[in-house]
Amino acid sequence: MTGFTKRQKLFAFLFLHQLLFSLPFGISQAQVLHQDWVQVDSLLLTGQDIPGLEFVIVADSLFLPADSTIVRFHKDIAQPGRWYSDTLGSYVEAKALEQHIPNEMRDRASIVYILFKKESNPEALLEYLDNLIRNELFAPSVAGDGGELMLLANRTAFKPFYQIRLRILSDLKMIVLLFSLILFFLASVFLVGFMFFVRSKKRRTEVMTQRFKSLCYEPLSNLLFEYELDELKDFSAQKIWEFFPNAQADNHLFKDVMIQEIISLNKNMKGDFKSKLKLIYRKLNLVAHSFKKLESSQWDIVTTGLVEINEMDVLEAAPIVQKFTHHENFHIRSQAVATYLNISNDMTLQVLVHQTFPLSRWQQMTYFRIIRFLTNQGTKVQVERLFDSYNESVRIFGYRIVRYLGLVDRLEILKEKYPNASRDEKIEILKCFDVFSFTDAIEHVHQDIYTEDKDLYVAAVKVLQNIGTVISQTILIERIEHLVDFDCLKATLEALKAMNPVLVEKELESSLKEEIRQMLAHLQDPILCDV
Amino acid sequence: MKNILVIEDDKLISSLVQFRLKKEGYSVTMVEDGISGMDAIDTQEADLIITDVMIPYKNGIEIINHARKVNPKIPIIVLSSLGEEESTVMEAFNLGVSDFVPKPFNPNELAVRVRRLINN
């Protein structure tokens, strides 16, 4: 409120006061007026203009006094001996005029109230004033209660101390709103502009990529079909660049496109064409371009660099790639491990053994394809190293590789690992025993027939179905009466039926459990048994 | 000059095939999708068709069927990856394609196969 004058502060206060107390004030005044005519008289004497109210003095006299003040009296033609004054707007004026009437006439003179040009009695005046006050059309001033100040405040138009050219800016809330709207508008304009910029840049890149692709087709075809591998080896980088548009030699996008095209061809071609493509990649020093991508802060660019190194078999990149094998970004880490497995020549699979993050199924599939490729090349990959990893998912991955690649020579190791393995590992090892019908591990399988774990039990029963003995049958027959779970019962009955159908009929057709008899009947039905 | 129709959506591969076959003295027409391929079969008198199995708009099998209707004796070579569309490739064989070249392939080997089929 600094900067406001006392008068402005007072007006502000009075305005608020009027707002808060106007209605009760009006009602109380109206009640007073009804009860006290003297107060009405004093109200009229304040000299306030009351809309529609005028006064006339009427005097009954046969003579017209020769006084100057009486000049304003007129003789009533209709009633001889009656005089009436001019219409007076103020009660004070009427009272003053009444005082000037000579004493002999004064007793016969009275003030008549004219409401809207019609003579009215005091009761009508009271009611009229009451209505005015009640409807806040008139505020009587009462000395001492601030009523006059309130009237002043009401009558004085507000003028701000600081004249701001735009009235809208005088409101703080409006300023905040305007500021927000302008900020929103500017942000929208900026974002739309940025979006167009990004889209146009992307579009331009796409157009340039297509153009560069078309520029690559013929030079690459020429190099691949017109020259032998030995001839290409003798070519200098300058000589090879001469096949391509010279102006693009330093263009990063052109190099990117070239690498992608070379990789695409490398995937789709075989024979010495692969060697030619890799030679071209190295001769043009595109390997440096791939290395530079590894320094990027964007994960997709780093991953692209790793893919290029992997596809082009850049063996010397192994130490650099190894740094990314524990990267927190899934894509970088996955690609780095795959690349390292491919180019490092490390058959102990240490990069996998020391993986701290759990391996996803997608990662396992990628690594498996590389390990299978290396195995098919005749390399002895030490898969058993994976069994000693601290990472359970790596150990399970190792057991899966044994199964998928048919590494039966590792089954003995699995048998040793089995007793101390976790539940998930046991299930995976049991699958290996099942696939390879590894009867040496039957004792371990028998132990897990007594497990409370449903999945492990079902896995063990399935193995017994394949490699089970008479002892296994006895154990299962004994166990079946205690089983409650449907899947466990079903697996057990199926296994027993596969191992010894005669025994099943003999032992179980008279089972006390209705569920077992029903399931058995279902399994023995030639039509329903496969449903 | 013998005319060979190549239906392949990978421009780089079709360009290489075109380059290699032109060296052999053939005229090569390239199309990138199935609809253009069918149009080319109708309008051009190709002596041999090389087609991929996975191409835009039309399946390679539809192309082979259409080609067989237009010219039952035209040699057709399927150029595709076995791993990707094994069932489709088997179906292509059942439709009586002349040869199958799996990707990755050797363009020189493809040229030899083309020459053998054209000469026969």
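As annotated in an unreviewed UniProt entry, chain B is Alkaline phosphatase synthesis transcriptional regulatory protein from Mariniradius saccharolyticus AK6.

Draft legend 1. Fine view of the overall build of chain B. Summing up its helical and strand segments, chain B has five helices and five strands in all. When the helices and strands of chain B are listed from N to C terminus, the series reads β-α-β-α-β-α-β-α-β-α. Within the span of chain B, comprising 120 residues, buried residues form 54% of the whole. Of the roughly 5600 Å² of accessible surface on chain B, a fraction of 47% belongs to carbon and sulfur atoms.

Draft legend 2. Here's a closer look at the environment of A:Lys293. All names here are of chain A. Note that Lys293 resides in helix H12 (residues 286-293). Relative accessible area serves as the criterion here: at 10%, Lys293 is assigned to the buried category. Taking the C-alpha atoms as reference points, Lys293 and Gly305, 12 residues apart in sequence, are found 5.1 Å from one another.

Draft legend 3. Geometry of the pattern of salt bridges. Residue and element names in this part refer to chain A. Per the stated rule, a full pass over the model turns up 26 salt bridges over all chains. Taking the shortest distance from any N to any O, the salt bridge between Arg423 and Asp455 comes out at 2.6 Å. In this pair, Arg423 is assigned in helix H20 (residues 423-435) and Asp455 in helix H22 (residues 454-467), connecting sequence segments 32 residues apart. Beyond isolated ion pairs, a larger network of salt bridges with shared partners links Arg423, Asp424, Asp453 and Asp455.

Draft legend 4. Representation of the UniProt feature "modified residue: 4-aspartylphosphate" (unreviewed entry) in chain B in the model. Residue and element names in this part refer to chain B. Under the feature "modified residue: 4-aspartylphosphate" (unreviewed entry), the UniProt entry names Asp52. Relative to the assigned elements, Asp52 resides in the loop between strand E3 (48-51) and helix H3 (60-70). When sequence neighbours within four positions are dropped, the list of residues in contact with Asp52 reads Ile7, Glu8, Asp9, Gly60, Leu79, Ser80 and Lys103.

Draft legend 5. Region of interest: the sheet that holds E3(B). Residues and elements named next belong to chain B. An order of E2-E1-E3-E4-E5 is seen for the five strands of this open sheet, with the pairing classed as parallel. Single-partner strands in this sheet number two, and they are strand E2 (27-31) and strand E5 (99-102). Shown here is a sheet whose adjacent strand axes are inclined to one another by a mean of 20°, direction ignored. Note that strand E4 (residues 76-80) and E5 share four bridges and pair parallel. Bridged to Ser80 within E5 is Pro102.

Draft legend 6. Representation of the interface of chain A and chain B in the model. Facing the 15 residues of chain A at the interface are 16 residues of chain B. Here chain A and chain B share an interface that buries about 1500 Å² over both sides, 67% of which is from carbon and sulfur atoms. Run the count over chain A and chain B and you get zero salt bridges. Put simply, chain A and chain B have three residue pairs in polar contact (both at pLDDT 80 or more) between them. Contributing elements (two or more residues each) for the side of chain A that touches chain B: helix H7 (172-226) and helix H10 (252-268) of chain A. Among the residues making up the side of chain A that touches chain B, the classes are represented as six nonpolar, five polar and four charged.

Draft legend 7. Layout of the UniProt feature "transmembrane region" (unreviewed entry) in chain A. In the UniProt entry, the feature "transmembrane region" (unreviewed entry) is given for residues 174-198 of chain A. Within residues 174-198 of chain A, the helical portion is 100% and the strand portion 0%, while the C-alpha atoms at the span's ends are 35 Å from each other.

Draft legend 8. Quick look at unusual backbone geometry. Cis geometry marks the peptide bond from B:Lys103 to B:Pro104, where omega comes out at -5°. Secondary-structure assignment places B:Pro104 in the loop between E5 and helix H5 (107-119). The backbone of A:Asn285 shows a phi angle near 60°, a positive value even though the residue is not glycine. As for its placement among the helices and strands, A:Asn285 is situated in the loop between helix H11 (272-283) and H12. Taking relative accessible area as the criterion, A:Asn285 reaches 46% and is therefore assigned partly exposed. Even without being a glycine, A:Ser437 presents a positive backbone phi close to 45°. Along the polypeptide, A:Ser437 turns up in the loop between H20 and helix H21 (442-447). Given the relative accessible area of 36%, A:Ser437 is considered partly exposed.

Draft legend 9. Main features of the pairing of E2(B). All names here are of chain B. Judged from the five bridges that link them, strand E1 (residues 3-7) and E2 form a sheet pairing that is parallel. Across the sheet, residue Ile7 finds its bridge partner in E2, namely Val31. Handedness of the crossover is the feature at issue here: the chain leaves E1, passes through helix H1 (residues 11-23), returns alongside E2, and the resulting connection is right-handed.

Draft legend 10. Focus on the side chain of A:His446. Note that A:His446 resides in helix H21. Looking at A:His446, its side chain comes within polar contact range of the side chain of A:Ser472, at 2.6 Å.

Draft legend 11. Spotlight on H10(A). Between its first and last C-alpha, H10(A) extends 24 Å over 17 residues, near the 24 Å set by a 1.5 Å rise per residue. Burial of H10(A) is extensive: 12 of the 17 residues sit out of reach of the surface. Its buried side turned inward, H10(A) meets H7, helix H9 (237-241), H11, H12 and helix H13 (299-311) of chain A together with H1 of chain B.

Draft legend 12. Looking closely at H20(A). Given a rise of 1.5 Å per residue, 13 residues ought to cover 18 Å, and the 19 Å separating the end C-alpha atoms of H20(A) matches this to within 8%. Of the residues making up H20(A), those classed as buried are A:Glu425, A:Lys426, A:Ile427, A:Glu428, A:Ile429, A:Leu430, A:Cys432 and A:Phe433.

Draft legend 13. Local environment of the sheet that holds strand E4 (residues 109-115) of chain A. Residue and element names in this part refer to chain A. Pairing is antiparallel across the open sheet formed by five strands, whose spatial order is E2-E3-E1-E4-E5. Lying at the two open borders of the sheet, with one neighbouring strand each, are strand E2 (73-75) and strand E5 (118-120). Strand-to-strand twist of the sheet, defined as the mean angle between neighbouring strand axes without regard to direction, takes the value 40°. The sheet strands contacting helix H3 (residues 91-99) are strand E1 (53-60), E2, strand E3 (82-85) and E4, and the helix crosses E4 at an angle near 160°. Helix H5 (residues 122-134) contacts E1, E4 and E5 of the sheet and is inclined by roughly 45° relative to E4.

Draft legend 14. View of the side chain of A:Ser85. Assignment of secondary structure puts A:Ser85 in strand E3. The exposure class assigned to A:Ser85 is buried, which follows from its relative accessible area of 3%.

Draft legend 15. Up close: the environment of A:Tyr84. Relative to the helices and strands, A:Tyr84 is located in strand E3. It is 9.7 Å that separates the C-alpha atoms of A:Tyr84 and A:Val112, two residues lying 28 residues apart in sequence.

Conventions we followed
Throughout this document, residue positions are counted from 1 along each chain, in the order its sequence is written. Ligands are numbered from 1 and chains lettered from A, in the order in which they are written. Reporting of local features is limited, given that this is a predicted model, to residues whose pLDDT is at least 70; pairs of side-chain atoms are given and counted only at 80 or more, and all residues count toward the totals for whole chains, interfaces and linings. Excluded from the side-chain calculations are hydrogens and water; all other atoms, namely the structure's heavy atoms, are used. We count a stretch as a helix when DSSP gives it H or I for four or more residues in a row; a strand needs E for two or more, and each element gets its number in order from the N terminus. Any residue under 20% of the maximum accessible area for its type is buried, any over 50% is exposed, and the rest in between are partly exposed; the area is computed with a 1.4 Å probe on protein chains only. Using the Shrake-Rupley algorithm and a 1.4 Å probe, accessible areas are obtained, with residue cover drawn only from the displayed protein chains. In the sections that follow, a salt bridge refers to a side-chain nitrogen of Lys or Arg positioned within 4 Å of a carboxyl oxygen of Asp or Glu. UniProt positions are given in the numbering used here, feature names are shortened, and annotations may be inferred rather than shown by experiment. Residue contacts are counted whenever heavy atoms from the two residues lie within 4.5 Å of one another. Only when DSSP finds a minimum of two bridges between them are two strands counted as paired. Lines fitted to C-alpha atoms define the axes, with helix axes restricted to the stretch in contact, and inter-axis angles between N-to-C directions lie between 0 and 180 degrees. What counts as buried area is the accessible surface, traced by a 1.4 Å probe, that two parts surrender upon association, with contributions from both included. We define a polar contact as two N or O atoms separated by no more than 3.5 Å, with the added condition that, inside protein, one atom must be a possible hydrogen donor and the other a possible acceptor, whereas residues neighbouring each other in sequence contribute only through side-chain atom pairs. Side-chain classes are defined by residue name, with Ala, Val, Leu, Ile, Met, Phe, Trp, Tyr, Cys and Pro counting as nonpolar, Asp, Glu, Lys and Arg as charged, and the others, Gly among them, as polar. A crossover counts as right-handed when, viewed with the strands pointing away from the observer, the path leading from the first strand over the helix to the second turns clockwise. The span expected for a helix works out to 1.5 Å for each residue beyond the first.

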